[in-house]
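A look at the structure
For reference, the chains in residue letters:
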Amino acid sequence: MRVLILLAFVCLLGAPAAVAEKQSDLHQALMDFAEQYRLPGAALTVIERDETVADTATGFADLEQQVPMRTDTLNRIGSISKTMTMAAAIRMTRSGQLDLGRDVSAYLDSFDGPARNVTLRQLASHTGCVRGYRDGEGISYTNYEDVFAPLELFGGDPLACAPGDQFVYSSYGYSLLSAVMVRASGAGFAAIMEDQVWTPLALEHVGLDDIREIVRGRVHNYDLNTEGVLINAPFSDSSYKYAGAGMLASTNDLARFGAALIGGRFLTDQEQDVMFAPTTLSDGSATDYGLGVYVDFAKFIETRRSYIPEPLYESLMAQAARHHVYWHSGTSEGAVAILMIEPATGRVIALATNRGGVEKEAIVFAMNLMALLDDEDNAAQNEGAHAPE
């Protein structure tokens, strides 16, 4: 008994020191990453089993005004917006406002485009075959007053395939899904997100990237030109893609959102199964995507093997074997973000930078952080095992 009490006391004393060591190591890793890729600023929050073990930032949110980057700074999160949108949609099924198995036409009776017979589940899983962006469509100068107006951009275009046959990544599909959500609820899209996700989770540094509004704490965004010089990112209005790629969030709030997805209090076990199950195509094969989130990192890497250097491919596949993660990257004008969740350890990594063009590097960095955290946990366990009796 005396030994058990002593070991428990040693663990209690060692816990704060272990967290402090992780915070220091992760901050150094973030600084190295930012320096290597010339990031104006970067923020990182890591949660393990509901405990924040790192909440750190480096560089500047605004270079001209010399405003430091912080973990409560609002960064563009790009396509991680899809994960938030889908969490709201799943919660809307509780009250019967949405049925993911129903067609778009059941909610938008006036929409007569080819996607009217696509199900909401197919939109959410990118198997509805709504087309992706064409060249030049990633930049928009038009401000749309509601979620229905942007449907004119793609609503009348032919589908890229028969619904359910292929995985066709499409942020436009999420624009259509948001129109369904608004019509079904009778509330605006921002109000839906507030009611279904942001308020229940007490997220205070999150919102839509509305260029008309004064948003306190929103970063300035940058790109690297062909000469390797940081320049201002191009202007673009995100109102056509709020649901698919147009949200803002701090890394602190983004990490807490990720932790909530697997915590059991925000989504039920059944709802988690719906969100995180790989999507099955018409031919019976599975994709690497669930609903609003990637769920099979190994398959994601395997399908892109042809343009990944062999040493990096082998390293990522080895890490995928060690870490079963749910994740999404996000890119937008002058921005990259990563949300990575490991259910087995309760570990969540939220990363954001206000420089575009480093998505692949950020994905690799996040997976490397998983390995670093594993190494530190193993070292701490070994040290505990050799504690004096």
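Preceding this paragraph is the structure being described.
Residues numbered from 1 in each chain as written. Predicted model: local features only at pLDDT ≥ 70, side-chain atom pairs only at ≥ 80, totals over all residues. Heavy atoms only, no water.

A short note on the overall build of the protein
A tally of regular secondary structure across the protein gives 11 helices and 11 strands. Its C-alpha radius of gyration of 21 Å places the protein within 12% of the 21 Å reference for a compact globule of 389 residues. Each principal axis of the C-alpha distribution contributes one length, and for the protein these read about 75 × 50 × 45 Å. Within the protein, the fraction of its 389 residues that count as buried is 52%. Within the protein, contacts between residues at least 6 apart in sequence are counted, and of these 70% link residues at least 24 apart. Approximately 17,100 Å² of the protein is accessible, and the part contributed by carbon and sulfur atoms is 52%. (Helix = DSSP H or I, 4+ residues; strand = E, 2+ residues; numbered from the N terminus. Rg over C-alpha atoms; globule rule 2.2 N^0.38 Å. Buried < 20%, exposed > 50% of the residue type's maximum accessible area, 1.4 Å probe, protein only. Contact = heavy atoms within 4.5 Å. Areas by Shrake-Rupley, 256 points an atom, 1.4 Å probe, with all protein chains shown as cover.)

Observations regarding the packing of aromatic side chains
By convention here, two paired aromatic rings are described through the distance between centres and the angle between planes. Considering all chains together, one arrives at 16 aromatic pairs under this definition. Ring geometry for Tyr294 versus Trp327: centroids 4.9 Å apart, planes at 20°, classification stacked. Taken together, the residues span a long stretch of sequence, with Tyr294 in the loop between α8 (269–276) and α9 (297–302) and Trp327 in strand β9 (residues 326–332) at a distance of 33 residues. Accessibility assignment for this pair places Tyr294 and Trp327 in one class, buried. Ring geometry for Phe297 versus Trp327: centroids 5.5 Å apart, planes at 65°, classification edge-to-face. Linking Phe297 in helix α9 with Trp327 in strand β9, this pair joins segments that are 30 residues apart in sequence. (Phe/Tyr/Trp six-rings, centres within 6.5 Å; stacked < 30°, edge-to-face > 60°.)

Side note on the environment of Arg212
Locating Arg212 in the fold gives a position in the loop between β5 (206–208) and β6 (222–224). Separated by 71 residues in sequence, Arg212 and Asp283 place their C-alpha atoms 46 Å apart. Once residues within four sequence positions are removed from consideration, Arg212 is found in contact with Asn143 and Glu145. Within the local environment of Arg212, its side chain forms a polar contact with the side chain of Asn143, the two groups lying 3.3 Å apart. (Polar contact = N/O pair within 3.5 Å; in protein donor to acceptor, adjacent residues only side chain to side chain.)

As for helix α10 (residues 310–322)
Look at α10: 19 Å from first C-alpha to last across 13 residues, which is about the 18 Å you get at 1.5 Å a residue. Considered for burial, the residues of α10 that qualify are Tyr313, Leu316, Gln319 and Ala320. Down the axis of α10, the buried set is contained in an arc of 130°. They therefore lie on one face. With respect to the buried face of α10, the exposed residues turned more than 90 degrees away are Pro311 and Ala321. (Expected span 1.5 Å × (residues − 1). Arc of directions from axis to C-beta.)

Digging into the state of the cysteines
All chains considered together, the criterion is met by one disulfide. Note that Cys129 is cross-linked by a disulfide to Cys161, the S-S spacing being 1.8 Å. Looking along the S-S bond of the Cys129-Cys161 disulfide, the torsion reads about -70°, which is the left-handed sense. Linking Cys129 in the loop between α3 (120–124) and α4 (171–185) with Cys161 in the loop between α3 and α4, this pair joins segments that are 32 residues apart in sequence. The class for Cys129 is buried, based on a relative accessible area of 1%. (Disulfide = S-S within 2.5 Å.)

Overview of the packing of helix α2 (residues 80–92) against helix α7 (residues 251–263)
Across the interface, α2 lies against α7 with an axial gap of 12 Å and an inter-helix angle of 45°. In terms of axis orientation, α2 runs oblique to α7. When you trace α2 past α7, the crossing you get is left-handed. Listed contacts from α7 to Ile80, Thr83, Met84 and Ala87 of α2 are Leu254, Phe257 and Leu261. (Axes fitted to C-alpha atoms, helices over the stretch in contact; angles between N-to-C directions. Parallel < 35°, antiparallel > 145°, perpendicular 65-115°, else oblique. Left-handed = near helix turned anticlockwise from the far one by under 90°.)

Section: the sheet that holds strand β1 (residues 41–48)
Taking strand neighbours across the sheet as the criterion, the six strands line up as β3-β2-β1-β11-β10-β9 in an open arrangement whose pairing is antiparallel. In this open sheet, the two edge strands, each paired with only one partner strand, are β3 (67–68) and β9. Here β9 runs beside strand β10 (residues 335–342); their pairing, made up of seven bridges, is antiparallel. Paired with Tyr326 across the strands is Ile341, a residue of β10. Seen against the sheet, α2 touches β9 and β10 and runs at an angle of roughly 125° to β9. (Pairing = 2+ DSSP bridges.)

Thoughts on the environment of Asn368
Tracing the sequence through the fold places Asn368 in helix α11 (residues 359–385). You can call Asn368 partly exposed: its relative accessible area is 36%. Taking the C-alpha atoms as reference points, Asn368 and Ser315, separated by 53 residues in sequence, lie 9.5 Å from one another.

Focus on the pattern of salt bridges
Under the counting rule described, the total for this entry stands at 20 salt bridges. A salt bridge links Arg94 to Glu271, with the shortest nitrogen-to-oxygen separation between them at 2.7 Å. Pair noted here: Arg94 is in the loop between α2 and α3 and Glu271 is in helix α8, with a separation of 177 residues, a long-range link. Under the relative-accessibility criterion, Arg94 is labelled partly exposed at 45%. Here Asp210 ties to Arg212 by a salt bridge, and the two come within 3.0 Å at their closest N and O atoms. (Salt bridge = Lys/Arg side-chain N within 4 Å of Asp/Glu carboxyl O.)

A closer look at the environment of Val293
In this structure, Val293 sits in the loop between α8 and α9. Distance in space between the C-alpha atoms of Val293 and Arg94 is 20 Å, their sequence separation being 199 residues. With sequence-adjacent residues up to four places away left out, Val293 is seen in contact with Thr83, Met275, Phe276, Tyr326, Trp327 and His328.

Observations regarding unusual backbone geometry
Excluding glycine, a negative phi dihedral is what most residues carry, and trans is how most peptide bonds are arranged. The phi dihedral of Arg38 is positive, around 55°, even though this residue is not glycine. For Arg38, a relative accessible area of 41% translates into the label partly exposed.

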